[in-house]
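Single-letter residue listing:
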Amino acid sequence: MGGGRKRGRTQRRHFKQGRENVWKHNPQRPPAGEGGDEGREGNPSWQPFATENPAFEEYYKEQQIIPEEEWDGFMSMLRKPLPATFRINASCQFFQDICSQLENDFRKSLETEVSDEHEEEAIRPLPWYPGNLAWHLNFSRMQLRRNQALESFHEFLKRENEVGNITRQEAVSMVPPLFLNVEPDHHILDMCAAPGSKTFQLLEMIHQSTKPGLLPNALVVANDVDVQRCNLLIHQTKRMCTANLIVTNHEAQNFPGCNLAKFCSETCIDEAKLQRLEFDRVLCDVPCSGDGTVRKAPDMWRKWNAGMGNGLHRLQVEIAMRGMGLLKVGGRMVYSTCSMNPVENEAVVAEILRRCGDSVELLDVSNELPELARRPGLNTWKVRDRGSWFGVHEDVPRYRKSVISPSMFPSGKGSKDVEVNTDVVDADMKDSTDIGEGEQETHIANDDSNNGDKLKTEEKTEVDCESGEAPARHKRPVSTSIRTEHSDYPLHRCMRIVPHDQNSGAFFIAVLQKLSPLNENHVVDGEQNISKDKTGKLEKNLGSDKVSSEENIVHQQVVDDTNVLDGENNGGMDTESSKDKNDAKVIVNEAEKGQAGIRDRRRQQNGRWRGVDPVIFFKDEVTVKSIVSFYGIKDSFPLEGHLVTRNPDTSHVKRIYYVSKSVQDVLELNIKIGERLKITSLGLKIFERQSSKDGSPCTFRLSSEGLPLLLPYITKQILYASAADFQHLLQYRTIKFPDFVDAKFGEEASALLPGCCVVVLREGHQDIGSIATDPSAIAIVCWKGKTNLCVMVSPLDGKELLERISLRYGLKIPKLDKEKPNQEIAGPDEQPDSATEVEDQECFLPESKASDMEIPDAEEAE
């Protein structure tokens, strides 16, 4: 078993390395037309990266996604590096300062660096994004890294992204959340959320209009199937400092249905009818082939094949239908991909409309975001399989009809063979699912699932093991079907964004509204979608009451192997592209899905999910009263029922989290129904246990993340500093009381009780009593020792605050004395343990510690 785990780690490492952007780690291999001469001089063996794929061009010419006269311009734009874009967080404290800095400083200083003859400005706001919050740069990310003249701007982008003031994200990736029309009281589900840029965007929307100390009534549930990607999702959204987020770890197509009525006796069923988890908005940004990201991920040119889209179609339909089932009547769902393939786009939307009937409407949103250039969806397309084109399902060979389903075609109808069981996964499906044509044998050889032998046997009857083609009796000449179909659905209401319209990547968006409850036959309640006889066989094979540890290891190996294969076939796509999200299809075959579902249900019956700490409401009244008394927290700040932790032993609780009322309601419902939601993260860290030799009366200090929420309600342990003293605290991090510029401030600091305290910048405020409720107030968490005051802010956040107050108030920041960088730092008995360290990364998966996480740099955090 140890060898298996080692292979799994090796495969995961190779997978992660393989999907890195080739432009990032090969400085001698820049994109065509960008630094080419320099690359040749530095490396004689350097060759330009091939930005062509004849099969790709043939496929999309045949699909006619753009007029023939635009083809050359379309392909020319696809071969150019993607311009960098970013979005300003309108809910951040320094929103106005950042906007002013971009308009007045960088926009002017970068004018001389314009390099594209098609661009007049070096940096400009995207005209279609509301409020000038999204910005387009006339530079690729490679140029930002390598151009010395752009160094200061590049550092600005990295720093602001890390602290959460901006998010670096591809422009077209910002579009889907905008069409959700989010309101401050909406419950929102992001079904395939990692790496988290769209989730962060949704959080910005619900927090944008809230005042200090107040939380919106909205809720965002961000889900992803992969545990490690949940860690990345948590890292991304942690920058938002929100109490309105729940991160879950489920297969999107099997997201649990949290309906209390199904778990109650008949006597209380009426009371439970209203207690169910439904969503006002659902973002269904599904795993896809990702060929719309070739400008950002040039390795896609080499990896792409038509089988990638065909293999994902069924999963995309399942996820979209599950999202529609979770949507409230009257709610809106946005379906989106970063693919140009109609089989992954229009075909999926048409199948949703076909299954849901009059219960769902495809909305015409042409009047929304009018400055966004978009093309209408297609009403006709073809399907390519193993070198042949098919316009109708009837022309598909019988032996391929379990793979090429009727739903892939415009009409969605087949011949008498339409009754073929499309839920059965056979060798043909393995050929089309996530792996390209010709890679069948590799996938089968690495299949460790229980039915792997069966799959191999079936494959021998259908596919030649040497060539990967059908045997002679099944072979079909490479041809194009003469017959074609047109969809009767208004698919022109869908949106296809193409790169040469606004110098962007490619994307597909469809906006659907739920008009009435779905037919029960179409609703999946989050259980594994398998028949009863399959479930019985699986339970018999698995044994009676428990799942062995060996089985779990084998299961994990299957996950690892599948992820590796997914990565090999989807290329080096960047974040928010399909390379990241293709991990969402961890297990392809139905038997493995059922096996995982049985294990999940057993874990639920045990009261928790294996490997994830439970969510516990913190009810230690003694500790809560101590905190309230020490910081003088006003009664108007609700604490009861809003504090949670992950440790059932209150004597060993290290962190206490604050959750909004909306999250509290979901947690209570989840407990009542047996913890069906696998929650990996939630809440805002507000208090953290702190040991100190000073003997503070309160064992919990304030968290920097939770300070903005709590600040208006604190009446004790709070100080108001002048700009000079505030600046010195951030610079030197520890200052003795007599050394403050304002002697009175030093006296007030020394008079505080030992332990945690808050220092607020007094500059710019006339009335000290109203500072805490001012959105522009700047405050930091400190520690009061015997002789000094010590800052408990990370160095990165401290540097950001220094620059912000210097720009806002015109202060000069003197350089530190290199000989004595921390002249006044106190001894270890005068400050808490690790007081100056950044607070630990939060995720609640013990097997995935923060120190083991691979956090991308700011360049990749899109």
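In this text, all values refer to a predicted model and were calculated from it rather than measured experimentally.

Enquirer: Please clarify how the overall build of the protein chain should be interpreted in this entry.
Expert: Along the backbone of the protein chain there are 29 helices and 26 strands. Counting all 862 residues of the protein chain, 60% fall into the buried class. The long-range share in the protein chain, meaning contacts at least 24 apart out of those at least 6 apart in sequence, stands at 78%. Of the roughly 35400 Å² that the protein chain leaves accessible, carbon and sulfur atoms contribute 47%.

Enquirer: I would appreciate a short explanation of the pattern of salt bridges in the present structure.
Expert: A pair can form between side chains of opposite charge whenever their charged atoms are brought close. Counted by the stated rule, this structure contains 33 salt bridges. For the salt bridge of E57 with R79, the shortest nitrogen-to-oxygen distance reads 3.1 Å. Placement of E57 in helix α4 (residues 54–63) and of R79 in the loop between α5 (71–78) and β1 (83–88) is noted, with a sequence separation of 22 residues between them. By relative accessible area, which is 28% here, R79 ends up partly exposed. One salt bridge in this structure joins R229 and D224, with 3.2 Å as the shortest N-O distance.

Enquirer: Would you explain the pairing of strand β22 (residues 718–721) in this entry?
Expert: Along any regular strand, the residues point their side chains to alternate faces of the sheet. Covered by surrounding structure in β22 are I718 and Y720 together with L719 and A721, the residues of both alternating faces. The pairing of β22 with strand β24 (residues 755–761) spans four bridges and is parallel. Bridging across to β24, Y720 finds its partner in V760.

Enquirer: Which parts of the structure should I look at to understand the packing of aromatic side chains?
Expert: Each pair of aromatic rings is reported with the distance of its centres and the angle of its planes. Within the structure shown, the criterion is met by 16 aromatic pairs. When the centroid spacing of 5.5 Å and the interplanar angle of 80° are considered together, the rings of F56 and W304 count as edge-to-face. Here F56, found in helix α4, pairs with W304, found in the loop between α13 (300–303) and α14 (307–326); they are 248 residues apart in sequence, far enough to count as distant. Each member of the pair, F56 together with W304, is buried. Both rings, one in F637 and one in Y658, keep their centres 5.0 Å apart while their planes meet at 25°; by these two values the pair is stacked. Of the two residues, F637 sits in the loop between α24 (621–631) and β17 (643–645) while Y658 sits in strand β18 (residues 655–658), which places them 21 residues apart along the sequence.

Enquirer: So what exactly am I meant to see when it comes to the sheet that holds strand β3 (residues 134–140) here?
Expert: Across a sheet, paired strands are connected by hydrogen bonds in the backbone, their directions being either parallel or antiparallel. Read across the open sheet, the four strands follow the order β2-β3-β1-β4; overall the sheet is antiparallel. One side of each edge strand has no neighbouring strand; the edge strands of this open sheet are β2 (123–125) and β4 (166–168). Going across the sheet, the axis of each strand differs from the next one's by a mean of 25°, ignoring polarity. Across four bridges, β1 lies against β3 in antiparallel orientation. Note on β3: the bridge partner recorded for F86 is W135. Packed on one face of the sheet, helix α8 (residues 151–163) meets β1, β2, β3 and β4 and runs near 110° to β4.

Enquirer: Looking at this structure, how should I read the sheet that holds strand β21 (residues 700–702)?
Expert: The strand order across the open sheet built from five strands is β16-β17-β18-β20-β21, with neighbouring strands paired in antiparallel fashion. Each edge of the open sheet is held by one strand with a lone partner, namely β16 (616–617) and β21. Where β17 lies against β18, two bridges are found, and the strand directions are antiparallel. In the strand pairing of β18, V644 is matched with Y657. The strands that α24 touches are β17, β18, β20 (684–689) and β21; relative to β21, the one it contacts most, it runs at about 45°.

Enquirer: In this structure, what is going on with the pairing of strand β6 (residues 219–223)? I would like to understand it.
Expert: Across the five residues that make up β6, a large majority, five, are buried. Judged by which residues are buried, β6 turns out to be covered on both faces: L219, V221 and N223 on one side and V220 and A222 on the other are all buried. Sheet topology note: the strand β5 (residues 187–190)/β6 ladder contains four bridges and is parallel. Counterpart to L189 in the pairing with β6 is V221. When β6 meets strand β7 (residues 245–248), the two strands line up parallel, connected through four bridges. By the bridge assignment for β7, A222 is matched with V247. Assessed by its sense of winding, the connection that carries the chain from β6 through helix α11 (residues 227–238) to β7 is right-handed.

Enquirer: Looking at this structure, I do not really get the UniProt feature "active site" (unreviewed entry) in the protein chain. What am I missing?
Expert: UniProt annotation of "active site" (unreviewed entry) refers to C338 when read in the numbering used here. Tracing the backbone shows C338 in the loop between β9 (327–337) and α15 (346–356).

Enquirer: How do you make sense of the nonpolar core when you look at a structure like this?
Expert: Among soluble globular proteins, nonpolar side chains are generally buried collectively. The biggest cluster of nonpolar side chains holds 83 residues, and the ones touching the most others in it are M324, M333, Y335, V349, I352 and L512. Top element by residues in this core is α14. It accounts for nine residues. Contacts of I352, omitting those with residues within four sequence positions, involve A320, M321, M324, M333 and L512. Membership of the second largest hydrophobic core comes to 65 residues, among which are F153, V247, L372 and V511.

Enquirer: Could you clarify how one ought to interpret the environment of N161 in this entry?
Expert: Relative to the elements of secondary structure, N161 occurs in helix α8. Judged by its relative accessible area of 2%, N161 falls in the buried class. Separated by 72 residues in the primary sequence, N161 and N89 place their C-alpha atoms 9.6 Å from one another. Within the local environment of N161, its side chain forms a polar contact with the backbone nitrogen of R168, the two atoms lying 3.0 Å apart.

Enquirer: Hey, could you run me through the packing of α4 against α5 in this one?
Expert: The axes of two packed helices give the description: the angle between them and the distance between them. Two elements in contact, α4 and α5, have axes whose closest approach is 12 Å; the angle formed by their N-to-C orientations is 140°. Comparing their axes, α5 and α4 come out oblique. Considering only the axes of α4 and α5, their crossing is right-handed. Residue-level inspection shows F56, E57, Y60 and K61 of α4 in contact with α5, the latter providing W71, M75 and L78. Along the lines of polarity and charge, the residues of the contact of α4 with α5 split into five nonpolar, no polar and two charged.

Enquirer: Please clarify how α15 should be interpreted in this entry.
Expert: Note that an α-helix has 3.6 residues per turn; residues three or four places apart therefore point the same way. Of all 11 residues in α15, nine are buried, a share of seventy percent or more. Of all the residues in α15, the buried ones are E346, A347, V348, V349, A350, E351, I352, L353 and C356. Its buried side turned inward, α15 meets α14, β9, β10 (360–362), β14 (495–497) and β15 (507–514). Phi for G357, located one or two positions after α15, is positive at around 60°.

Enquirer: Can you walk me through the environment of A772 in this structure?
Expert: Within the secondary structure, A772 sits in the loop between β24 and β25 (779–784). Sequence separation of A772 and Y713 is 59 residues, and the distance between their C-alpha atoms is 8.1 Å. In contact with A772, other than residues within four places in its own chain, are P212, L711 and P712.

Enquirer: It is not clear to me how unusual backbone geometry should be interpreted in this structure. Could you clarify?
Expert: Glycine aside, negative phi is the norm for most residues, and most peptide bonds take the trans geometry. Cis peptide bonds are those with omega within 30 degrees of zero, and the linkage from A194 to P195 qualifies with 5°. Locating P195 in the fold gives a position in the loop between β5 and α10 (197–207). Residue N181 is not a glycine yet carries a positive backbone phi of 55°. Within the element layout of this structure, N181 appears in the loop between α9 (175–178) and β5. Look at N181 and you get partly exposed, because its relative accessible area is 35%. The phi dihedral of N503 is positive, around 55°, even though this residue is not glycine. For N503, the location among the structural elements is in the loop between α19 (499–502) and β15.

Rules behind the numbers
- Numbering of residues starts from 1 in each chain and follows the order in which that chain's sequence is written.
- Local features in this predicted model are restricted to residues of pLDDT 70 or higher, and side-chain atom pairs are both shown and tallied only at a pLDDT of 80 or more, whereas totals for entire chains, interfaces and linings draw on every residue.
- To obtain the side-chain values, all non-hydrogen atoms of the structure were used and water was disregarded.
- Every helix listed is a DSSP run of H or I at least four residues long, and every strand listed is a run of E at least two residues long, numbered separately from the N terminus.
- Only protein chains enter the calculation, and the probe is 1.4 Å; a residue is then buried if its accessible area is under 20% of its type maximum, exposed if over 50%, and partly exposed in between.
- For this analysis, residues touch if any pair of their heavy atoms sits within 4.5 Å.
- Residue exposure ignores everything except the shown protein chains as possible cover, and the areas themselves are Shrake-Rupley values with a 1.4 Å probe.
- What counts as a salt bridge is simple: a side-chain nitrogen of Lys or Arg found within 4 Å of a carboxyl oxygen of Asp or Glu.
- Two strands qualify as a pair provided DSSP detects at least 2 bridges between them.
- Two aromatic rings from Phe, Tyr or Trp, using only the six-membered ring of Trp, form a pair when their centres are within 6.5 Å; if the ring planes differ by under 30 degrees the pair is stacked, by over 60 it is edge-to-face, and anything between is tilted.
- Axis angles are defined between N-to-C directions and span 0 to 180 degrees, where every axis is a line fitted to C-alpha atoms and, for a helix, only to the segment in contact.
- When the strands point away from the viewer and the path from the first strand over the helix to the second turns clockwise, the crossover is right-handed.
- UniProt positions are given in the numbering used here, feature names are shortened, and annotations may be inferred rather than shown by experiment.
- Remark: nonpolar core denotes a set of buried residues (Ala, Val, Leu, Ile, Met, Phe, Trp, Tyr, Cys) joined through side-chain atoms within 4.5 Å.
- Two N or O atoms count as a polar contact when they lie within 3.5 Å, although within protein this holds only if one can serve as hydrogen donor and the other as acceptor, and sequence-adjacent residues are included solely when both atoms are side-chain atoms.
- Any angle between 65 and 115 degrees counts as roughly perpendicular, while under 35 counts as roughly parallel, over 145 as roughly antiparallel, and the rest as oblique.
- For any pair of crossing helices, the crossing counts as left-handed if the nearer helix is rotated counterclockwise from the farther one by less than a right angle, and right-handed if it is rotated clockwise.
- Classes in brief: Ala, Val, Leu, Ile, Met, Phe, Trp, Tyr, Cys and Pro nonpolar; Asp, Glu, Lys and Arg charged; the others, Gly included, polar.

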